[in-house]
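Structure at a glance
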Amino acid sequence: MAGFTFKTPDGASYKYATAAALSQFVSQELATWSWLSQHQGLAAAQGLNDSIVRPLLHAQQSLGQQPPTEATTETARSQVQKYFDSKLYLHPKSPLRVVVDKLAKKSPAEAIYMLATIGQQSGKWAQFSDQLNAKSTYVAGITKGVAYLEGWSSDAKANAAAVSAEQSAHAAGEALTATGTSRDKAEEILNFFSQWEAGHRERLSTLNDTIRQEHEQLSSELREDWKRLTATYDSQLALRAPATYWGKKHRKHTNWVTWLAIGGSLWLIVGAIALYVLAKSVFGLATVDAVPSWFQVLSFSLGVLVFVLVLRSVLKLMMSHVHLSLDAAERQTMIVSYLSLVRKGALKEEALEKVLGAIFRPTGDGIVKDDGVPLSVLAELFKRP
């Protein structure tokens, strides 16, 4: 299966690799909207059930059928897309969803009236009334729905809430006067809402200041993170080729060390056998007290010299490759450590030149320099008297 991809009318996208992942998302959304079940009888909640809950329930039923078929999978896909196509944009990535989830935890009825107002203004839902007989919740929900549609600022929302509260207070006062209740009670209610308006404005102002400070701090942190990320990315692009090169050099010299060690061991064994055969052939059955001839001494000495020179050359080459392998590994480790320090922002600019100088320093061959073959003994033997 190629997976599931969905696009919302407001430009968001969702991707799920398997039917199990899509089923998990549907179950989570149904759990999130479970608060609607508290007010299923409200006409205002009918639009939410039709455009959100029912498509998710149908998708859950299709995904739960075993074994899954192409038809059930396609049905689940279409029902989830119907959920995402809701005109209210209530998918998890939408701004309205954040507001609704927070409001629903405090007052589900107020959240329903808010969404019903938005749905009615969009022309998709029918008119609704206050079936709960909760005037404050009804008015607050409608006010928040209108505020969201108009895109008001926080101060404008506070003004709208205050005007709505004053209108409700005037209506309550007129109703109390009409029924013979004292005007003092109405004035008390008006004073209460006036004080509420002042306190609400102060809380909103404090909240705005807090949000502004947090936004500035977060923006500063994001800019610093972006700088470090850019520096790390640039460094990776610049050092990718050197890191690959030194990694290959390390493996190459390590292989040389292995083969030279094997060759040196074989030469040691073969040379020892050859020297034994040469000694047996040159000296023959000579006794211990017999003085060997110059031919015997020179022949055996030449064989020993060849054996030692070859073994010495192999050891020098092996040590050279050991040195080059360690050098390549050290450079590769320096590059990885440098990238890690750049990503964490722990590397100062003045240290950059030293680090790069160590990484790109010239490489020696690792061969130990000496004075050549020690022939001082032979020179003494052939020295003229």
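Residues numbered from 1 in each chain as written. Predicted model: local features only at pLDDT ≥ 70, side-chain atom pairs only at ≥ 80, totals over all residues. Heavy atoms only, no water.

Glancing now at the overall build of the protein. From N to C terminus, the protein includes 11 helices and two strands. Mapped from its N terminus to its C terminus, the protein presents α and β elements in the order β-β-α-α-α-α-α-α-α-α-α-α-α. Each of the 385 residues in the protein was classed as buried or not, and the buried ones make up 29%. Here the protein has roughly 25,000 Å² of accessible surface; of this, 60% comes from carbon and sulfur atoms. (Helix = DSSP H or I, 4+ residues; strand = E, 2+ residues; numbered from the N terminus. Buried < 20%, exposed > 50% of the residue type's maximum accessible area, 1.4 Å probe, protein only. Areas by Shrake-Rupley, 256 points an atom, 1.4 Å probe, with all protein chains shown as cover.)

One pair of aromatic rings is described through two measures. These are the centre distance and the angle between the planes. Evaluation of the coordinates by the stated rule reveals nine aromatic pairs. A centroid spacing of 5.7 Å and a plane angle of 35° characterise the contact between W33 and W35, whose relative ring orientation is tilted. With respect to burial, W33 and W35 carry one shared label: buried. On the numbers, 5.4 Å between centres and 50° between planes, the contact of Y83 with F84 is tilted. By relative accessible area, F84 is classed as buried at 1%. Through a chain of ring-to-ring contacts, three or more aromatic side chains come together here, namely F6, Y14, Y16, F25, Y83 and F84. Here K93 stacks its cationic end above the ring of Y14, 4.4 Å away from the centre of that ring. (Phe/Tyr/Trp six-rings, centres within 6.5 Å; stacked < 30°, edge-to-face > 60°. Lys NZ or Arg CZ within 6 Å of the ring centre and 35° of its normal.)

In this structure, W33 and L90 are the most contacted members of the largest nonpolar core, which totals 40 residues. Only β1 (4-7), β2 (13-16), α1 (19-32), α2 (46-63), α3 (70-84), α4 (95-106) and α5 (108-121) provide two or more residues apiece to this core. Element by element, the count of residues in this core is highest for α5, at seven residues. Contacts of L90, omitting those with residues within four sequence positions, involve W33, L48, I52, Y83, L96, R97, V100 and L115. (Core = buried A, V, L, I, M, F, W, Y, C linked by side-chain atoms within 4.5 Å. Contact = heavy atoms within 4.5 Å.)

Closest axis-to-axis distance for the α2/α3 pair is 8 Å, and the angle between their directions is 165°. Relative to α3, the element α2 lies roughly antiparallel. Where α2 crosses over α3, the handedness of that crossing is left-handed. Facing α2, whose interface residues are S51, I52, P55, L56, H58, A59, S62 and L63, α3 presents T72, T75, A76, Q79, V80, K82 and Y83. Here the contact of α2 with α3 is built from residues that sort into eight nonpolar, six polar and one charged. (Axes fitted to C-alpha atoms, helices over the stretch in contact; angles between N-to-C directions. Parallel < 35°, antiparallel > 145°, perpendicular 65-115°, else oblique. Left-handed = near helix turned anticlockwise from the far one by under 90°. Nonpolar A, V, L, I, M, F, W, Y, C, P; charged D, E, K, R; others polar.)

Turning our attention to the confidence of the model for the protein. Confidence in the prediction for the protein averages 76 pLDDT; 72% of positions are at 70 or higher. Note that pLDDT drops below 50 for residues 160-169; the model gives that stretch 15 contacts with residues more than four away or on any other chain. Taken as a whole, residues 371-378 scores under 50 in pLDDT and shows three contacts with residues more than four places along the chain or in a different chain. (pLDDT = per-residue confidence, 0-100.)

Evaluation of the coordinates by the stated rule reveals seven salt bridges. Among the salt bridges present, the one from R77 reaches E74, with a minimum N-O distance of 3.5 Å. With R77 and E74 both in helix α3 and three residues apart, this pair spans about one turn of that helix. According to the relative accessible area criterion, E74 is partly exposed, its value standing at 45%. Between D101 and R97 there is a salt bridge, with the nearest N and O atoms lying 3.1 Å from each other. Of this pair, D101 and R97 both sit in helix α4, four residues apart, roughly one helical turn. Take D101: its relative accessible area is 24%, and that puts it in the partly exposed class. Each of E29, R97 and D101 takes part in one network of salt bridges that share partners. (Salt bridge = Lys/Arg side-chain N within 4 Å of Asp/Glu carboxyl O.)

Let us now look at the environment of T137. Inspection of the secondary structure puts T137 in helix α6 (residues 135-150). A residue is classified by how much of its surface remains accessible, and T137, at 17% relative accessible area, is buried. Leave out the neighbours within four places in its chain, and T137 touches S107, A109, E110 and Y113.

This paragraph deals with α4. Within the sequence span of α4, burial applies to L96, R97, V100, L103 and A104. Down the axis of α4, the smallest arc covering the buried residues is 135°, so these residues share one side. The exposed residues of α4 that point more than 90 degrees off its buried face are P95, V98, K102, K105 and K106. (Arc of directions from axis to C-beta.)

Quick look at unusual backbone geometry now. The amide bond that connects Q66 to the next residue, P67, takes the cis arrangement and shows omega of -5°. Residue position: P67 is located in the loop between α2 and α3.

This brings us to the packing of α4 against α5. The N-to-C vectors of α4 and α5 enclose an angle of 145°; their axes lie 6 Å apart at closest approach. Residues L96, V99, V100, L103, A104 and K106 of α4 lie in contact with α5, whose contacting residues are P108, E110, A111, M114, L115 and I118.

Attention shifts here to a nonpolar patch on the surface. Together, L268, I269, I273, Y276 and V277 make up a nonpolar patch on the protein surface, roughly 530 Å² of accessible area in all. Mapping V277 onto the fold places it in helix α8 (residues 183-283). For V277, a relative accessible area of 49% puts it in the partly exposed group. (Patch = residues over 30% accessible without salt bridge, like charges linked within 9 Å, V, L, I, M, F, W, Y side chains within 5 Å.)

What follows deals with α1. Since one α-helical turn is 3.6 residues long, residues separated by three or four positions face the same way. Between its first and last C-alpha atoms α1 spans 20 Å; for 14 residues at 1.5 Å apiece the expected length is 20 Å, and the two agree. Turning to α1, its buried residues are L22, F25, V26, E29 and L30. Axial view of α1: buried residues confined to an arc of 135°, hence all on one face. For α1, the exposed residues lying more than 90 degrees away from the buried face are A20, Q24 and A31. If you follow the buried residues of α1, they end up packed against β1, β2, α2, α3 and α4. (Expected span 1.5 Å × (residues − 1).)

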